[in-house]
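Spelled out from the first residue to the last, the chains are:
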Amino acid sequence: MKAIVCNKFGTPNTLQFQEIESPSPKKDEILIAVKACSVNFPDTLIIQGKYQFRPEFPFSPGSDVAGIVEKIGEDVQQFKVGDKVVGFISFGGFAEKAIVKAKDCFPKPKGMSMVNASAFLLAYGTSYHALKDRANLQKGETILILGASGGVGLTALELAKLMGAKVIAAASTKEKLDLCTQFGADEVINYTEESLKDKVKELTNGSGVDVIYDPVGGHFSELALRAIAWKGRHLVIGFANGEIPKIPINLTLLKGASIVGVFWGAFAQKEPKKSLENIHQLLTWFTKGYLKPHINKTYALKEAPKALEDMIQRKVKGKIVIDMDL
Ligand SMILES: NC(=O)c1ccc[n+]([C@@H]2O[C@H](COP(=O)([O-])OP(=O)(O)OC[C@H]3O[C@@H](n4cnc5c(N)ncnc54)[C@H](OP(=O)(O)O)[C@@H]3O)[C@@H](O)[C@H]2O)c1
């Protein structure tokens, strides 16, 4: 099979497009013919050896897959060859075939394209877990979303609106903020042009925001936390900015506020029942038309290095996807 392969840690241009042996499923796994695999920021880190874990070489990046079941392990009951599925893995998705644990796989809803399906689980799963389980976001509360036009950011925006919150979207360009407005943002802030803290205070009549969704990190985190409301929750999602911020802890004391870590992958492994309930809720909302993944661009498998580079260069709005049919 053809695959994008990482043979040594490095930038996207060091990845190889090559022919490798197709993997075989173990007892609790399924082999799927990958039809689409979305790109997520952790894919840009894993190939550089900068993610939480370092796979053994050679490996393919890619964790959000949709495809057709080709083989099943002997213990797998819930799927059969030919089923259309969506699943998540740690890596291995930028390839014509991928192995997924059956427990991390779900039937693809009818009417959901393979491209949309591959762009769904990780982004919506992370944001729903963050807003519901970690922030306990309430109807009528105000949330500030940093990097709001990005992969996880835009899903947080959609879900926060669905949950009845008022959304302040922050991003780096007018084009990105226009997309946030289309997705229902009540207010927008260009954080490369305006003071994040001052603008949030102005938009909330001085009271600050109840929840901060922060996939960006760097100096933006402290600026946002300085504009949090009494008993606010600052959700630590990631550090796309490249810098892990060091926060003066007294800021939490002054506001009775919490800094709350979010790790969807670990949640799905440690609390599978709750994670499953969340995923079913999200798929139901998709089927009802409440959630609309925004696909910015699709790429052929051999163009995956370009897709990763576009993400690193901050060129992506919503999701980008490797489409095996291209
Ligand atoms: N905790 C979890 O379970 C979990 C799950 C999934 C992802 N994540 C993390 O969430 C973050 C976002 O992931 P994603 O897939 O949504 O990525 P993405 O689509 O690239 O979005 C990241 C956003 O961050 C902003 N940004 C600011 N500085 C940046 C920089 N130097 N380089 C790139 N982007 C920058 C960009 O918006 P502007 O240009 O508007 O600033 C961009 O839209 C990553 O750190 C990822 O590791 C965490």
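Every residue gets a number counted from 1 within its own chain, in the order that chain's sequence is written. Thresholds applied to this predicted model are a pLDDT of at least 70 for local features of residues and 80 or more for the giving and counting of side-chain atom pairs; totals over whole chains, interfaces and linings are not thresholded and use all residues.

Looking now at the overall build of the protein chain. To qualify as a helix, a DSSP run of H or I must reach at least 4 residues; to qualify as a strand, a run of E must reach at least 2; elements of each kind are numbered from the N terminus. Across its full length, the protein chain holds 11 helices and 15 strands. Put simply, the radius of gyration uses C-alpha atoms, and a globule should come to 2.2 Å times the residue count raised to 0.38. Against the globule reference of 20 Å for 326 residues, the protein chain gives a C-alpha radius of gyration of 20 Å, in line with a compact fold. Counting only C-alpha atoms, the protein chain reaches 60 × 40 × 35 Å along its principal axes. Sequence separation of at least 24 residues holds for 68% of the intrachain contacts in the protein chain that already meet a minimum separation of 6. Residues are defined as contacting one another if the C-beta atoms placed from their backbone atoms lie within 7 Å.

Of all the positions in helix α5 (residues 174-182), only K176, L177, L179 and C180 are classed as buried. Taken around the axis of α5, the buried residues stretch over an arc of 155°, which confines them to a single face. Facing away from the buried side of α5, by more than 90 degrees, are the exposed residues K174, E175 and Q182. Residues of α5 that are buried sit in contact with α4 (151-162), β9 (166-171) and β10 (187-190). Looking one or two residues beyond α5, the residue adopting positive phi is G184, at roughly 105°. Around each residue's C-beta, the other C-beta atoms within 10 Å are counted; 20 or more make the residue buried, 12 or fewer make it exposed, and counts in between make it partly exposed. All C-beta atoms are placed from the backbone. It is the directions from the helix axis to the C-beta atoms whose arc is reported.

Between any two strands, pairing holds if DSSP finds at least two bridges. Reading across the sheet, the six strands line up as β10-β9-β8-β11-β12-β13 and stay open at both edges, with parallel pairing between neighbours. The open sheet has two edge strands with one neighbour each: β10 and β13 (258-261). On average, each strand axis in the sheet is inclined to that of its neighbour by 20°, with strand direction left out of account. Whenever a helix is involved, its axis is fitted only over the stretch in contact; in every case the axis is a line through C-alpha atoms, and angles between N-to-C directions fall within 0 to 180 degrees.

Moving on, we get to the domain arrangement of the protein chain. Residue ranges for the domains originate in an automatic or database domain assignment. Assigned domains within the protein chain: domain 1 (2-120 + 293-323) and domain 2 (124-265). Computed over C-alpha atoms only, the centres of domain 1 and domain 2 are separated by 28 Å. On the side of domain 2, nine residues touch domain 1, which itself brings eight residues to the contact. Among the residues making up the side of domain 1 that touches domain 2, the classes are represented as three nonpolar, three polar and two charged. By the convention adopted, Pro, Cys, Tyr, Trp, Phe, Met, Ile, Leu, Val and Ala count as nonpolar, Lys, Arg, Asp and Glu as charged, and the other residues, Gly among them, as polar.

By our criterion, buried Ala, Val, Leu, Ile, Met, Phe, Trp, Tyr and Cys residues that link up through C-beta atoms within 7 Å make up a nonpolar core. Counting 105 residues, the largest nonpolar core has I145, L157, A169 and A170 as the members making the most contacts within it. Split by domain, the residues of this core number at least three in each of domain 1 (2-120 + 293-323) and domain 2 (124-265).

Time to look at the site of the ligand. Neighbouring the ligand are 29 residues, the closest being G147, G150, G151, A171 and G238. When residues of the shell around the ligand are traced back to their parent elements, those giving at least two are α1 (41-46), α3 (121-134), α4 and α9 (264-270). In terms of residues, the shell around the ligand owes the most to one element, α4, which gives three residues. By residue class, the composition of the shell around the ligand is 15 nonpolar, 12 polar and two charged. Counting contributing residues per domain, the shell around the ligand is built from domain 1 (2-120 + 293-323) and domain 2 (124-265), each supplying no fewer than three. To decide nearness, the C-beta atom of each residue is placed from the backbone, and the residue is near a molecule or strand if that atom lies within 6 Å of it.

Moving on to the packing of α3 against helix α10 (residues 272-287). In the contact formed by α3 and α10, the axes pass within 10 Å of each other and the chain directions differ by 110°. The orientation of α3 relative to α10 falls into the category roughly perpendicular. Our pair here, α3 against α10, has a crossing hand that is right-handed. Residues L121, Y124, G125, Y128, H129 and D133 of α3 form the contact with α10, whose participating residues are K274, N278, I279 and L282. Partitioned by chemical class, the residues of the contact of α3 with α10 number five nonpolar, three polar and two charged. Note that the term roughly parallel is reserved for angles under 35 degrees, roughly antiparallel for angles over 145, roughly perpendicular for angles of 65 to 115, and oblique for everything else. Crossings are assigned a handedness: left-handed for a near helix turned anticlockwise from the far helix by less than a right angle, right-handed for a clockwise turn.

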